[in-house]
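# Architecture and fold: a report
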Amino acid sequence: VTSHVALVKSWSHHSAERLKSMLENLQQILSLRVYTGTFTRDHLMNDDETISSCTTVIRIIYYASLLGGVHYTKQPVWDTSELPLLDTDNFSSIEMVGNASR
C-alpha cells in the first residue's frame, strides 16, 4: 500500500494526457488478455495475474488523476461571477413546440 501511495503522488504531477495514454495502454492489455485468455470454472479472470495487476494500476491512475486535479485547480478555472442566476423551476417553463404539431 505504501508503494501505491508513492506512485499516486508521483503520477499526480503528470499531465492528463500522459495519464490517459497510460490508461489506454492498460485497457489494451486487458482487452487482449480477456480476448485470448482461456478462463474456466477453475481458472477465473480474477485469478489471472495480468488482469489483476492491470486493474490495480488503473486504480492507482484514477487516484493520481484525482490528486492531480487538486494540484491544478488551486486557482479557479472558470469565472462564474458574470453568469446569471438560474430559476430553480426552469423546466416547467419550457414549451414543447416541436411536439405540438404531431
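Anything mentioned here points back to the structure above.
The sections below set out a description of the structure shown in this document. None of the values given here were measured: they were computed from a predicted structure.

Along the protein chain, the regular secondary structure elements total four helices and zero strands. Listing each helix as α and each strand as β along the protein chain from the N terminus yields α-α-α-α. For the protein chain, the proportion of its 102 residues judged to be buried stands at 15%. Within the protein chain, contacts between residues separated by at least 24 positions form 69% of all contacts whose residues are at least 6 apart in sequence.

It is worth spelling out a nonpolar patch on the surface at this point. On the surface, Tyr62, Tyr63 and Leu66 cluster together into a nonpolar patch covering about 330 Å² of accessible area. For Tyr63, a relative accessible area of 44% corresponds to the partly exposed category.

The end-to-end C-alpha distance of helix H2 (residues 16-36) is 30 Å, a good match for the 30 Å that 21 residues give at a rise of 1.5 Å each. For H2, the complete set of buried residues consists of Leu19, Met22, Leu26 and Leu30. Taken around the axis of H2, the buried residues stretch over an arc of 75 degrees, which confines them to a single face. When the buried face of H2 is taken as reference, the exposed residues oriented beyond 90 degrees from it are Glu17, Lys20, Gln28, Leu32 and Tyr35.

Along the chain, Trp11 turns up in helix H1 (residues 2-11). Note on Trp11: relative accessible area 16%, which makes it buried.

In total, this model carries two salt bridges according to the counting rule given. Glu24 is the salt-bridge partner of Lys20, the closest N and O atoms lying 4.0 Å from each other. Here Glu24 and Lys20 lie together in helix H2, a separation of four residues that amounts to about one turn. Given a relative accessible area of 36%, Glu24 falls into the partly exposed group. The shortest N-O distance in the salt bridge between Arg33 and Asp48 comes to 2.6 Å. Remark: Asp48 occurs in the loop between H2 and helix H3 (49-72) and Arg33 occurs in helix H2; sequence separation between them is 15 residues. On the basis of relative accessible area, Arg33 is assigned to the partly exposed category, the value being 31%. You can call Asp48 buried: its relative accessible area is 3%.

Rules and cut-offs
- One numbering rule holds for all chains: residues counted from 1, following each sequence as written.
- This being a predicted model, a pLDDT of at least 70 is required before a residue's local features are given, and a value of 80 or more before pairs of side-chain atoms are given or counted; all residues contribute to the totals for chains, interfaces and linings.
- The side-chain figures draw on all heavy atoms in the structure; neither hydrogens nor water molecules are used.
- Strands here mean DSSP runs of E at least two residues long; helices mean DSSP runs of H or I at least four residues long; both are numbered from the N terminus.
- Accessibility here uses a 1.4 Å probe with only protein chains present; expressed as a share of the type maximum, an area under 20% marks a residue as buried, one over 50% as exposed, and anything in between as partly exposed.
- Only heavy atoms matter for contacts: two residues are in contact if any of them lie within 4.5 Å across the pair.
- Exposure above 30% relative accessible area and the absence of a salt bridge qualify a residue for a patch, where like charges join within 9 Å and nonpolar side chains (Val, Leu, Ile, Met, Phe, Trp, Tyr) within 5 Å.
- Where accessible areas are quoted, they stem from the Shrake-Rupley method and a 1.4 Å probe; at the residue level, only the protein chains shown are allowed to cover.
- For this analysis, a salt bridge means a side-chain nitrogen from Lys or Arg found within 4 Å of a carboxyl oxygen belonging to Asp or Glu.
- By this rule the span expected of a helix is its residue count minus one, scaled by 1.5 Å.
- Within this analysis, the arc is defined by the directions that extend from the helix axis to the C-beta atoms.

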